[in-house]
Amino acid sequence: MDYAELKRRSSTSRKLLLLAGIAAICFFIFRSSSSFSTSVKFSQHEQGVTHVLVTGGAGYIGSHASLRLLKDAYRVTIVDNLSRGNMGAVKALQELFPEPGRLQFIYADLGDAAAVSWIISFPTQVNKIFSQNAFDAVMHFAAVAYVGESTQEPLRYYHNITSNTLLLVKAMAAHDVKTLIYSSTCATYGEPEKMPITEVTPQAPINPYGKAKKMAEDIILDFSKTSDMAVMILRYFNVIGSDPEGRLGEAPPPELREQGRISGACFDAARGIIPGLKIRGVDYTTPDGTCVRDYIDVTDLIDAHVKALEHAKPSKVGIYNVGTGKGSSVKQFVEACKKATGVDIKIDYLSRRPGDYAEVYSDPSKIRRELNWIARYSLEESLAIAWRWQKVHRNGYN
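Residues numbered from 1 in each chain as written. Predicted model: local features only at pLDDT ≥ 70, side-chain atom pairs only at ≥ 80, totals over all residues. Heavy atoms only, no water.

With respect to the overall build of the chain
The condition is simple: Helix numbering and strand numbering both begin at the N terminus, where a helix is a DSSP run of H or I of at least 4 residues and a strand a DSSP run of E of at least 2. Only protein chains enter the accessibility calculation, which uses a 1.4 Å probe. A residue is then buried if its area is under 20% of the maximum for its type, exposed if over 50%, and partly exposed in between. Contacts between residues were defined by any pair of non-hydrogen atoms, one from each residue, lying within 4.5 Å. Here the open area of atoms and residues is found with the Shrake-Rupley method and a 1.4 Å probe, where only the protein chains shown may cover a residue.
Broken down by element type, the chain carries 12 helices and 13 strands. A buried classification covers 50% of the 398 residues belonging to the chain. Within the chain, counting contacts between residues at least 6 apart in sequence, those at least 24 apart form 81% of the total. As displayed, the chain has an accessible area near 19,000 Å², and 55% of this comes from carbon and sulfur atoms.

Okay, here's the thing in structure tokens:
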């Protein structure tokens, strides 16, 4: 090969490398501009679009809320530290709603003040979440939520529920976010002397979970007296079920099965994951000796949240019980679960669980009257829907 030929080939190679470099830069700029345009959608208010921050949106209830909001054309930002939430639920939502500017996920802990709002020792740093996003409303689900666990780890519950809610409300106030839908619980009522529970039933929680939630409510209510924030507090009862179209379900981490909901334990027993179902307490002052609870389907529950968001008004506070108005005993629940699964589940009867109470069910007449909400799913229907998802997703979202 002569010198001229070598020089020509070298020049051609340099040109090809240059073209490849230019193409790579153009691709990077395109990707960056695309990503930037998407982030702009979340960082700016847009007329006709409501941007909702869903804390705990990777969890069982929060993910179903995110699904409904996205179906209803809301813009959704999920914030979750995944300690109880499931990234599989987020991925399912991302696959359902891939359009830019519809859904974003932020991995963060509400207990980290720097992530939520500001770093006190470095006041010049920009806020990590609220300052980078233009939220119109917040649905606050993020919380540890097991009664038994709360009696074993009370400080964790006060920090996770009460302190984190304080940080969140402070961030909302600092960034002029005017609407809060708060996920509370019937556990704030404790064990009332009279059933059913109304919104004016005295609150006297008997376990750290209920106490922490009530403290969080008090923070929100006290702040609302000094602001024009629109506040809706939903005290709901025992949540069961899953998305009727099979897109989402309940998939708690394996280490929390012992603490989890009775529906999860029933399904685990029906699938042979655990040898049987443990019923804690058969000596309560109820017709069959087991606890009586008001079981509310998660789809109905989220419908109540959306109606609360639609009816939220500046400087107004709404407090609502969300339940069916009908109590079912644990034994009745187990029989319904046997019917839904077709499995004769083995039952072990054990002593009471610390912090539990005998009978709790709601009077939902206020939410029916003011928000035009009513529970549609029966216990049997809800369990049948949930069982369909559980059969297909034996290992949860994995």
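Describing the pattern of salt bridges
Defined as follows: In the sections that follow, a salt bridge refers to a side-chain nitrogen of Lys or Arg positioned within 4 Å of a carboxyl oxygen of Asp or Glu.
This model, assessed by the stated rule, comprises 23 salt bridges. Residue D268 pairs with R271 through a salt bridge whose shortest N-O separation is 2.8 Å. In this structure D268 comes out as buried when scored by relative accessible area, which is 5%. Residue R271 is classed as buried on the basis of its relative accessible area of 14%. K338 is the salt-bridge partner of D344, the closest N and O atoms lying 3.4 Å from each other. For D344, a relative accessible area of 67% gives the class exposed.

Focus on the layout of surface pockets
Using the following cut-off: Here a cavity denotes grid points, spaced 1 Å and computed from the protein atoms alone, that fit a 1.4 Å probe unable to get out, and a pocket denotes an open set having protein on both sides within 12 Å along at least 5 of 7 lines; residues with an atom within 4 Å of a point are the lining. Grid points are joined across faces, edges and corners, and a volume is the space filled by probe spheres set on the points. Note that Gly is not counted as nonpolar here; it falls among the polar residues with everything else outside the nonpolar set of Ala, Val, Leu, Ile, Met, Phe, Trp, Tyr, Cys and Pro and the charged set of Asp, Glu, Lys and Arg.
If you add up the space inside the second largest pocket, you get close to 350 Å³. Forming the boundary of the second largest pocket are 25 residues, of which A251, P252, P253, P254 and R257 lie nearest the centre. Elements that contribute at least two residues to the lining of the second largest pocket include exactly α8 (262-270) and α12 (379-392). Taken together, the residues of the lining of the second largest pocket break down into eight nonpolar, 10 polar and seven charged.

Comments concerning α12
What counts is decided by this rule: Each residue after the first adds 1.5 Å to the expected span of a helix.
The end-to-end C-alpha separation of α12 is 21 Å, in line with the 20 Å expected for 14 residues at 1.5 Å each. Restricting attention to buried positions, one finds in α12 the residues L379, S382, L383, I385, A386, W387, W389 and Q390. Close packing links the buried residues of α12 with β7 (238-240), α8, β10 (295-297), β12 (328-329) and α10 (330-341).

What about unusual backbone geometry?
Between M195 and the following residue, P196, the backbone shows a cis peptide bond with an omega angle of -5°. Mapped onto the fold, P196 is located in the loop between β5 (179-185) and α7 (208-224). Positive phi values are uncommon outside glycine, yet S315 reaches one of about 65°. Following the sequence through the fold, S315 ends up in the loop between α9 (298-311) and β11 (317-322). On the basis of relative accessible area, S315 is assigned to the partly exposed category, the value being 47%.

Topic: the packing of aromatic side chains
This is how the line gets drawn: Aromatic rings from Phe, Tyr and Trp, taking only the six-membered ring of Trp, are treated as a pair when their centres fall within 6.5 Å; an angle between ring planes under 30 degrees marks them as stacked, one over 60 as edge-to-face, and anything in between as tilted. Comment: the charge-over-ring label is applied if NZ (Lys) or CZ (Arg) is within 6 Å of the ring centre and within 35 degrees of the ring normal.
This structure, assessed with the given rule, holds five aromatic pairs. Plain terms: the ring middles of Y157 and Y209 are 6.3 Å apart, the flat faces sit at 90° to each other, and that makes the pair edge-to-face. With Y157 in helix α6 (residues 154-174) and Y209 in helix α7, this pair connects stretches of sequence that are 52 residues apart. With relative accessibility at 11%, the residue Y209 sits in the buried group. Lying over the aromatic face of Y284, R352 brings its terminal NZ or CZ to 4.1 Å of the ring centre.

Observations concerning the sheet that holds β5
Selection criterion: Here, strands pair whenever DSSP counts at least two bridges between them. Note on definitions: angles span 0 to 180 degrees between N-to-C directions of axes, and those axes are lines fitted to C-alpha atoms, for helices only across the stretch in contact.
The sheet built from seven strands is open, its strands ordered β3-β2-β1-β4-β5-β6-β11 with parallel pairing. Sheet topology places β3 (103-107) and β11 at the edges, where each strand pairs with a single neighbour. For this sheet, the mean angle separating the axes of adjacent strands, direction not counted, is 15°.

Some details on the confidence of the model for the chain
Applied cut-off: A score from 0 to 100, pLDDT tells how confident the predictor is in each residue.
Mean pLDDT for the chain: 88, with 87% of residues reaching 70 or above. With pLDDT under 50 throughout, residues 118-126 is counted as low confidence; its partners more than four residues away or in other chains account for eight contacts.

So, the state of the cysteines
In plain terms, the rule: Disulfide: a pair of cysteine sulfur atoms within 2.5 Å of each other.
Tallying each qualifying case throughout the model produces zero disulfides. Summary of cysteine pairing: C337 is not part of a disulfide, and the nearest cysteine sulfur, belonging to C266, is at 3.5 Å.

A closer look at the nonpolar core
Definition in use: By convention a nonpolar core is built from buried Ala, Val, Leu, Ile, Met, Phe, Trp, Tyr and Cys residues, the set being connected through side-chain atoms within 4.5 Å.
Counting residues in each nonpolar core, the largest one holds 43 residues, and the members touching the most others are I61 and L69. At seven residues, the largest contribution of residues to this core is made by α9. Discounting residues that sit within four places of it in the chain, I61 has contacts with F141, Y236, V239, R261, V298, L301 and I302. Core analysis: the second largest hydrophobic core is formed by 41 residues, L110, I129, L180 and A216 among them.

A word on the environment of G111
Relative to the elements of secondary structure, G111 occurs in the loop between β3 and α4 (113-116). Residue class for G111 comes out partly exposed when judged on its relative accessible area of 26%. Those residues in contact with G111, other than ones at most four positions away along the chain, are H159, N164 and L167.

With respect to the side chain of H140
Here is the rule we go by: Within 3.5 Å is the distance limit for a polar contact, defined as a pair of N or O atoms, with the added protein rule that one can donate a hydrogen and the other accept it, and that residues adjacent in sequence qualify only through two side-chain atoms.
Looking at the element boundaries, H140 is found in strand β4 (residues 137-140). Note on H140: relative accessible area 2%, which makes it buried. Side chain to side chain, H140 and T55 meet in a polar contact 2.7 Å long. Polar side-chain contacts of H140 include one of 3.1 Å to the side chain of T165. Each residue touching H140, except ones within four places of it in the same chain, is listed here: T55, L110, T165, L168, L180, I181, Y182 and S183.

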